[in-house]
Structure formats: C-alpha cells, structure tokens
Amino acid sequence: MFTREALRLNWRSVRPYLVFAVILFFASVVVGGASQGPVEWLDQVLRNVQTISRQAASSDNPEQALFTAILFNNVRSSLTAMYMGIMAGIMPIVTLVVNGMMLGYMFGNIADAGHNVWPLIAKGILPHGVLEIPAFLLACAYGVRLGFSVVRGIFGSLIGRTQPWARFVLALKDTVPGAILIAALLLIAAGIESTVTYWLMT
C-alpha cells in the first residue's frame, strides 16, 4: 500500500478523477461568479464561514483558535466528501459544486461592489490555498473514484462478472495513503491560514 510502486499505481488510478474534479470545481467557480443578484443558499454558506472566523478572532488566542477551527473543519469536510463518495460519488460531486460556486459567488459580489478581487486572492486565498485547494480536490477525486467503483461493483454482480468488487476494494485501500496525504496538506494549510493569511488580512 505504501511501496513506491503501489503509490505510483494509486496516483495513476486517481488521476483521471482528479482531472474531473478540477474541471467541475473551476466550472462551478465560473457559474457562481456569473450569478445575477443574491442567492440565498450561497449567502447562508458564506455566513456560516464568517461565523467561524468571527468566533475564532474574538478568542484570547485568535491564531490558535483559527488553526483548530480551520483544521477540524477542512479535515472533516474533505474526509466526509471522500468516504461518503461510496454513495455513487454523489457527495464529492455536490461538495465540488457547492464550494466552487461559493468561491465564485464571493468573488463576484466583491467585484460587483467595485472592489478589486486580485488583492483578496493574493493575500486571502493563495498563501494557504496552494495546499488547501489541491487537498480538497484530491479528496473529492478519491470520493468520486470510490463511488464509481461501487456502481461498477453493483452492475458487475448483476451480470455475473468474476470478482465484481475487486475495483472497489482497491479503491478503498487506496484512500488510506490518500487520506494521510490530504490530512498532512490540510495541517500545513491550516498553519499558514491561521498565521500568514490572518496577518495579511488584518
């Protein structure tokens, strides 16, 4: 599972799903940014995120509180998207669309208010996003792969294929090193977001 050859095969297997996740995510960013007028459910998602930030900022140690809140939220969301992918890959796909639209919607609102979004991207997204976004996309890619392997297993069982669940078992095993890598990336990203990004945005 952790040999060089196993990791190489793991990457080769998940790579097409990662490409799919990247395309779907950034397409959702475009759709969210093109939204005309307020969208209530996206406003609610943004309010939830802002609530977490305000609670952490009002604590005695904002950096530590932000680090804990960000790490817990990101790891929970990413691993949920990954392993709930077992339900035909629906959860990671929905997660990609929602998060992409939320990001695009936020940028669109800032631009509509007459502000330049690029300083926000440079200071508020890029420092931690270079690790956080790939980790999130990778988690969803594993989730979609897991879901598709379940669908193949079901159809394979129905038509009497030999070892119909072999791909599912392999996909499930491959999530273990994937989850470790994702958690490590999110750990570093949370450290950057709670310090570098926090300092740049205050």
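Residues numbered from 1 in each chain as written. Predicted model: local features only at pLDDT ≥ 70, side-chain atom pairs only at ≥ 80, totals over all residues. Heavy atoms only, no water.

Peer 1: I'd like to hear about the packing of helix α5 (residues 117-158) against helix α6 (residues 166-201), residue by residue, with values.
Peer 2: Contact pair α5 / α6: the axes reach a minimum separation of 9 Å and the direction vectors enclose 165°. On the basis of the axis angle, α5 is roughly antiparallel to α6. Regarding α5 and α6, the two cross each other, and that crossing is left-handed. Considering only residue class, the contact of α5 with α6 consists of 23 nonpolar, six polar and seven charged. (Axes fitted to C-alpha atoms, helices over the stretch in contact; angles between N-to-C directions. Helix = DSSP H or I, 4+ residues; strand = E, 2+ residues; numbered from the N terminus. Parallel < 35°, antiparallel > 145°, perpendicular 65-115°, else oblique. Left-handed = near helix turned anticlockwise from the far one by under 90°. Nonpolar A, V, L, I, M, F, W, Y, C, P; charged D, E, K, R; others polar.)

Peer 1: Lay out helix α4 (residues 90-112) with the relevant residues and their values.
Peer 2: Compared with an ideal rise of 1.5 Å per residue, which puts 23 residues at 33 Å, α4 spans 32 Å between its outermost C-alpha atoms and is within 8% of the ideal. Within the sequence span of α4, burial applies to P92, T95, L96, G100, M101, M102, L103, G104, Y105, F107 and G108. Of the residues one or two after α4, G114 is the one with positive phi, at around 90°. (Expected span 1.5 Å × (residues − 1). Buried < 20%, exposed > 50% of the residue type's maximum accessible area, 1.4 Å probe, protein only.)

Peer 1: How would you summarise the pattern of salt bridges if you had to cite specific residues and measurements?
Peer 2: Tallying each qualifying case throughout the model produces three salt bridges. Between R8 and E5 there is a salt bridge, with the nearest N and O atoms lying 2.5 Å from each other. Here R8 and its partner E5 are both found in helix α1 (residues 4-33), three residues apart, which amounts to about one turn of the helix. For R8, a relative accessible area of 42% corresponds to the partly exposed category. Residue classification places E5 among the partly exposed positions, given a relative accessible area of 42%. The partner of E40 in a salt bridge is R47, and the shortest N-O contact between them spans 2.8 Å. (Salt bridge = Lys/Arg side-chain N within 4 Å of Asp/Glu carboxyl O.)

Peer 1: Outline the UniProt feature "transmembrane region" (unreviewed entry) in the chain, supporting the account with residue identities and numerical values.
Peer 2: Under the local residue numbering, the UniProt record ascribes the feature "transmembrane region" (unreviewed entry) to residues 81-108, 129-155 and 175-201. Between the first and last C-alpha atoms of residues 81-108 the distance is 26 Å; the span itself is 79% helix and 0% strand. Annotation note: span residues 129-155, helix share 100%, strand share 0%, distance between end C-alpha atoms 38 Å. (UniProt positions renumbered as here; feature names shortened; annotations may be inferred.)

Peer 1: Let's hear about the confidence of the model for the chain: which residues, and what values?
Peer 2: Averaged over all residues, the pLDDT of the chain is 90; the fraction at 70 or higher stands at 99%. Taking the mean pLDDT of every element in the chain, the minimum, 78, falls on helix α2 (residues 40-57) and the maximum, 94, on α1. (pLDDT = per-residue confidence, 0-100.)

Peer 1: For the packing of aromatic side chains, give the residues involved together with the corresponding values.
Peer 2: Scanning the entire structure with this criterion turns up four aromatic pairs. Measuring from ring centre to ring centre gives 5.9 Å for Y17 and F148, while their planes differ by 75°; the resulting arrangement is edge-to-face. Here Y17 is found in helix α1, whereas its partner F148 is found in helix α5, with 131 residues between them in sequence. Residue Y17 is classed as buried on the basis of its relative accessible area, which comes to 13%. The partly exposed category is assigned to F148, whose relative accessible area is 33%. Measuring from ring centre to ring centre gives 5.8 Å for F25 and F136, while their planes differ by 65°; the resulting arrangement is edge-to-face. Remark: F136 occurs in helix α5 and F25 occurs in helix α1; sequence separation between them is 111 residues. Each of the two residues, F25 as well as F136, counts as buried. Ring-pair connections join several aromatic residues into one group, and the members of that group are F25, F26 and F136. (Phe/Tyr/Trp six-rings, centres within 6.5 Å; stacked < 30°, edge-to-face > 60°.)

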